[in-house]
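A structural walkthrough
Residue-level listing of the chains:
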Amino acid sequence: MPVETFASRLKTTMDQQGKKQIDLIRIAAEQGVKLGKSHISQYVNGKTIPRAEILHFLAETLHVDENWLKEGIPKNDQIRSNIEKPKSNENTKNVILGGKKMREFKKSSKLDNVLYDVRGPVVDEATRLEDAGTQILKLNIGNPAPFGFRTPDEVIYDMRQQLTECEGYSPAKGLFSARKAIMQYSQLKKLPNVSIEDIYTGNGVSELINLCMSALLNDGDEVLIPSPDYPLWTACATLAGGKAVHYICDEQAEWYPDIDDMKKKITDKTKAIVIINPNNPTGALYPKEILQQIVDIAREHQLIIFSDEIYDRLVMDGEEHISIASLAPDLFCVTFSGLSKSHMIAGFRIGWMVLSGNKEYAKDYIEGLKMLSNMRLCSNVPAQSIVQTALGGHQSVDNYIIPGGRIYEQREYIYNALTDIPGISCVKPKAAFYIFPKIDIKKFHITDDEKFALDLLRDKKILLIHGGGFNWHQPDHFRVVYLPRIEVLKESVEKLADFFSYYHQ
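Description of the structure in this document. (Residues numbered from 1 in each chain as written. Predicted model: local features only at pLDDT ≥ 70, side-chain atom pairs only at ≥ 80, totals over all residues. Heavy atoms only, no water.)

Brief notes about the sheet that holds strand β16 (residues 465–466)
Note on sheets: strands pair through backbone hydrogen bonds, and any given pair is parallel or antiparallel. Spelled out, the test is: Strand pairing requires that DSSP identify at least two bridges connecting the strands. A run of H or I in DSSP counts as a helix once it spans at least four residues, and a run of E counts as a strand once it spans at least two, with each numbered from the N terminus.
The strand order β13-β17-β16 describes an open sheet built from 3 strands, whose pairing is antiparallel. Two strands lie at the open edges of the sheet, namely β13 (434–435) and β16, each paired on one side alone. Direction of pairing for β16 relative to strand β17 (residues 478–481): antiparallel, over a ladder of 2 bridges. The residue of β17 that forms the bridge with H466 is F478.

As structure tokens, then:
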């Protein structure tokens, strides 16, 4: 019978608790305990025994008796009687610390079903690898600046000139000059019945999505949201107490919304339909025929339409973006856009929403929007100051989306390169800077797409987001951001192709 050692007790307890070495290192860092990767490796392999303070940390973290962990007191004394697993609906519990009962604070149960894997567990693992000195190829987030996309010089110049005028709060809805420019842009997009009072600026579209869901939803109210989606929509609807009901976007039909599925998902609790057009994560661009069918559904069931159009100026192949609100003058629509993507200034945090169409039957809801808008005082004033400059004159983004332009050529490369990998297929995107490839899960025996993303990260040091992170419920997709230059994309695809040449779950 093998002799039980500190190392064997540590490994057994880690297995029982579902903890890996990297988890202990992370928890130690959060608590200000100095525990390095080499240290924990030595403890697990039996090369050394930790000093007293590290031993105490390990025992506390693994919920075992310190003397048992160190010297092997009988197993039935291992689990401390004064530490109980919390019930799922508790948000506090009592633990013993220094002989005194201390209350532990947990996150709200309202967050139990909130998902945002664009910055989730896979990204956390990438951060830990980077902290350990590993270089990661990042294809996970639509942030143009790190990939060499520069803000137009005129925008930077105008912000610098106006900074001293932006030291105070603006009106809650935003600066007059910004809202006037947005109103004129809305007129060009043919949004009906829009005045300057129908424009709200925000710290990016993200803040405004949260604001809209919070103002609208009571517990149990339903919102139709696409699958796959930009996960913030589902997260904000859930956090507001509502229920996100996902309608399918059909890969076999250019990733357009499945109109029949949308109709089937409507109940007497449905309040709104969300569309993301151009789409993130698929890069799809919806034609007028599809948009008109969605308008017809909203009209029949008296639903609000929320249209996320942040990529409306990143459309390729001579296609035209159509705002769904332009087809619905008799309905209440909320249209979202901003400068983060089109002007490569995601860090400036400037977005907006436009209320259009028939606002008579949404008066009370609009009062709620005003209330929440007032509560946050205003959005980023320096960023508001350059909206007029950005939306006027020459649009530098146009040079990126034509043949020879960076986004266009990178789209061409990534589509062809990915479809050359055996077992991978793609629908060619028409807009934005994302592609959503499909994996032949039978070929690779994939049942867990998050595990696939983690395995790829650890093996090839490539970071991307699995399909489940976009509320796609089959383990057969992942999203690639094709903002990096072609030479970086080439390196990434070569590593990806090699990974798929041997990978099985």
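Quick word on the packing of helix α18 (residues 449–460) against helix α19 (residues 486–502)
The following threshold applies: Here an angle of 0 to 180 degrees is reported between the N-to-C directions of two axes, which are lines fitted to C-alpha atoms, with helices fitted over the stretch in contact. Crossings are sorted by hand: turned counterclockwise from the far helix by less than a right angle, the near helix makes the crossing left-handed, and turned clockwise it makes it right-handed. Residue contacts follow a heavy-atom distance rule, with two residues in contact if any of their heavy atoms lie within 4.5 Å.
Interaxial distance between α18 and α19 falls to 11 Å at its minimum, and their mutual angle equals 115°. When the axes of α18 and α19 are compared, the crossing they make is right-handed. Facing F452, D455, L456, D459 and K460 of α18, the residues of α19 in contact are K495, L496, D498, F499, F500 and Y502.

Describing helix α1 (residues 6–17)
The following threshold applies: Expected span, for any helix, means 1.5 Å times one less than how many residues it has. Type-normalised accessible area, obtained with a 1.4 Å probe on protein chains alone, sets the label of each residue: buried when under 20%, exposed when over 50%, and partly exposed for intermediate values. For this quantity, the arc is that covered by the directions from the helix axis to the C-beta atoms.
If you check α1, its first and last C-alpha atoms are 16 Å apart, about what 12 residues at 1.5 Å a residue would give, namely 16 Å. Those residues of α1 not exposed but buried are F6, A7, R9, L10, T13 and M14. Along the long axis of α1, the arc covered by the buried residues comes to 165°, so they all point the same way. Along its buried surface, α1 packs onto α2 (21–31), α3 (37–44), α4 (52–62) and α5 (66–71). Count one or two residues on from α1 and you reach G18, which has phi positive near 70°.

Quick look at the sheet that holds strand β9 (residues 304–308)
Ordered by their spatial adjacency, 8 strands build an open sheet running β4-β11-β10-β9-β8-β5-β6-β7, and the pairing between neighbours is mixed. Looking at which strands have only one partner, the edges of the open sheet turn out to be β4 (199–202) and β7 (256–257). Here strand β6 (residues 243–250) runs beside β7; their pairing, made up of 2 bridges, is antiparallel. Within β7, the position partnered with C249 by the bridge is P257. Seen against the sheet, helix α8 (residues 176–188) touches β4 and β11 (351–357) and runs at an angle of roughly 120° to β4. Sheet strands in contact with helix α13 (residues 363–375) are β4, β9, β10 (332–338) and β11, and its direction is about 35° off that of β4.

Comments concerning the nonpolar core
How we decide: Here, the term nonpolar core denotes a set of buried Ala, Val, Leu, Ile, Met, Phe, Trp, Tyr and Cys residues that are joined through side-chain atoms within 4.5 Å.
Grouped together as the largest cluster of nonpolar side chains are 74 residues, with contacts concentrated most on M213, W233, F306, F336 and F452. Apart from the residues lying within four places of it in its own chain, the contact partners of M213 are V223, W233, C236, A237, A240 and F306. Counting residues in hydrophobic clusters, the runner-up holds 64 residues, among them I266, I273, L331 and F470.

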